[in-house]
Amino acid sequence: MATKEFRRILLDGNPVDVVVEGDELVAGDGRRVAIADATHLPPVTPSKIVCVHLNYRSRVEEMMTSLPKAPTYFHKPVSALNTHEGAVVRPEGCKWLNYEGEIAIVIGKTCRNISPEEAGDYIRGYTVANDYGLHDFRDTDSGSMLRVKGADTLCPVGPGVVEGWDFRGKRIRTLVNGEVKQDGTTDEMEWDMHYLVADIARTITLQPGDLLLSGTPAISRTVYPGDVVEVEVEGLGTLRNHIVTGPTPIRTDVGAQVTESEEVLSTAQGGDWEFRGIRKPKPPQP
């Protein structure tokens, strides 16, 4: 089956759905714009963004852990949505922002209580995603991951939705400033795309445009303001973003504050995995 890629861009100041034709994007009325000149928007408007915790075997082995009997999930609010070439904001006062290159499933029609064998009929296509996380909040939010993974701009997706793409045996890589950091394939996944959709749809109605992020390979590491991060997926293209510092600091008069425990450091930088969650957080610095 031939693939077809759809994107959403700003064209003459309005959001417009376009089709990729070579190096150009073509609107329904025939207007054309070069891909290099386009201002991209998120390719879909989801009502929800659901993410699986662990799925790739290389990531499980790296973290010296084991998979549960069934996948577990967390939620990124839709306000975290970002786009191809968008700026990913590390709030002032935070230090441990990590990338996680992923493939996002795009739901095509309302989906509830289906089997894995039926799931393909409800998937519109796939796009590239980067599941950024602020591990500064990991000590307080390791369960829900809300503040870790849900901050504004921490869910870039794109550049487009590819229909007719077969997820099996595809390579996924993450590059930072042109250097390969993550390199895996979808064959590492314990639970494939169809299983994930059917699992979530047992109790949660999925709507057209909803996104399911399907997990990341090994070597998620910290990135810093000025870095350029690219996620390449075979057949889906390249999602590119750059890291910037937020204009305002994290408030200190409400909520849990950022920490720099061994749990935070080992998750953000890798290593010492056997001590994760055992060593006590460092006391606040004066």
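Residues numbered from 1 in each chain as written. Predicted model: local features only at pLDDT ≥ 70, side-chain atom pairs only at ≥ 80, totals over all residues. Heavy atoms only, no water.

A. Quick peek at the overall build of the protein chain. Along the protein chain, the regular secondary structure elements total 6 helices and 20 strands. Judged by the C-alpha coordinates and their principal axes, the protein chain covers about 60 × 40 × 35 Å. Buried residues in the protein chain amount to 49% of all 286 residues. Counting contacts in the protein chain only where the partners sit at least 6 residues apart, residues at least 24 apart contribute 73% of the total. Per element, the accessible surface of the protein chain, about 12,900 Å² overall, is 51% carbon and sulfur. Across the protein chain, the 31 positively charged side chains and the 42 negatively charged ones have centroids separated by 3 Å. (Helix = DSSP H or I, 4+ residues; strand = E, 2+ residues; numbered from the N terminus. Buried < 20%, exposed > 50% of the residue type's maximum accessible area, 1.4 Å probe, protein only. Contact = heavy atoms within 4.5 Å. Areas by Shrake-Rupley, 256 points an atom, 1.4 Å probe, with all protein chains shown as cover. Lys, Arg positive; Asp, Glu negative; His and termini not counted. Charge placed at Lys NZ, Arg CZ, Asp CG, Glu CD.)

B. Here's a closer look at helix α5 (residues 193–200). Across the 8 residues that make up α5, a large majority, 7, are buried. Among all positions of α5, only M193, H194, L196, V197, A198, D199 and I200 are buried. Along its buried surface, α5 packs onto β6 (49–52), β7 (73–76), β11 (101–107), α2 (116–119), β12 (123–130) and β17 (211–213). The opening residue of α5 is D192, an N-cap whose side-chain oxygen sits 3.1 Å from the backbone nitrogen of H194. (Polar contact = N/O pair within 3.5 Å; in protein donor to acceptor, adjacent residues only side chain to side chain.)

C. Just unusual backbone geometry, in detail. That bond from G158 to P159 is cis: its omega, 5 degrees, falls within 30 degrees of zero. Relative to the helices and strands, P159 is located in strand β14 (residues 155–163). One non-glycine residue with positive phi stands out, namely N113, at about 55 degrees. Structurally, N113 can be placed in the loop between β11 and α2.

D. Region of the structure containing the environment of E24. Considering the arrangement of structural elements, one finds E24 in strand β3 (residues 24–27). As a C-alpha pair, E24 and T186 span 162 residues in sequence and 29 Å in three-dimensional space. With residues near it in sequence (within four places) discarded, E24 still touches V19, R32, V33, A34 and I35. Among the polar contacts listed, one links the side chain of E24 to the side chain of R32, at a separation of 2.9 Å.

E. Highlighting the packing of aromatic side chains. What the rule picks out here adds up to 3 aromatic pairs. Here the aromatic residues Y126, W165 and F167 are joined through ring pairs into a cluster of three or more. A cation over a ring is seen here: R168 above F167, with NZ or CZ 4.6 Å from the ring centre. (Phe/Tyr/Trp six-rings, centres within 6.5 Å; stacked < 30°, edge-to-face > 60°. Lys NZ or Arg CZ within 6 Å of the ring centre and 35° of its normal.)

F. The arrangement of the pattern of salt bridges in detail. Counted by the stated rule, this structure contains 25 salt bridges. Between D183 and R171 there is a salt bridge, with the nearest N and O atoms lying 2.6 Å from each other. Linking D183 in strand β16 (residues 179–185) with R171 in strand β15 (residues 171–176), this pair joins segments that are 12 residues apart in sequence. Residue classification places R171 among the partly exposed positions, given a relative accessible area of 41%. Between R240 and E230 there is a salt bridge; the shortest N-O distance is 3.0 Å. Highlighted residues: R240 in strand β20 (residues 237–249) and E230 in strand β19 (residues 228–233), separated in sequence by 10 residues. (Salt bridge = Lys/Arg side-chain N within 4 Å of Asp/Glu carboxyl O.)

G. Structural detail: the side chain of K76. Of note, K76 is situated in strand β7. With near-sequence residues (within four places) excluded, K76 lies in contact with I49, C51, D131, Y132, K149, L154 and C155.

H. Just the pairing of β16, in detail. The pairing of β15 with β16 spans 6 bridges and is classified as antiparallel. From the neighbouring strand, T174 faces β16, where its bridge partner is Q182. Once β15 ends, the chain turns through 2 residues before running back antiparallel as β16, passing N177 with a positive phi of about 55 degrees. (Pairing = 2+ DSSP bridges.)

I. Representation of the sheet that holds β15 within the structure. Strand order in the open sheet made by the 5 strands is β9-β20-β19-β15-β16, with mixed pairing throughout. Across the chains shown, the open sheet's two edge strands, defined by having one partner strand only, are β9 (87–92) and β16. Averaged over all adjacent pairs, the angle separating strand axes in this sheet is 20 degrees, with direction ignored. (Axes fitted to C-alpha atoms, helices over the stretch in contact; angles between N-to-C directions.)

J. Region of the structure containing the pairing of β6. Alternating positions in β6 separate into two faces, I49 and C51 on one and V50 and V52 on the other, with burial throughout. One ladder, built from 4 bridges, connects β6 with β7; its direction is antiparallel. When the bridges of β7 are listed, V50 appears paired with H75. Here 3 bridges tie β6 to β17, and the two strands are oriented parallel to one another.

Function cannot be read off these values alone, since they describe shape.
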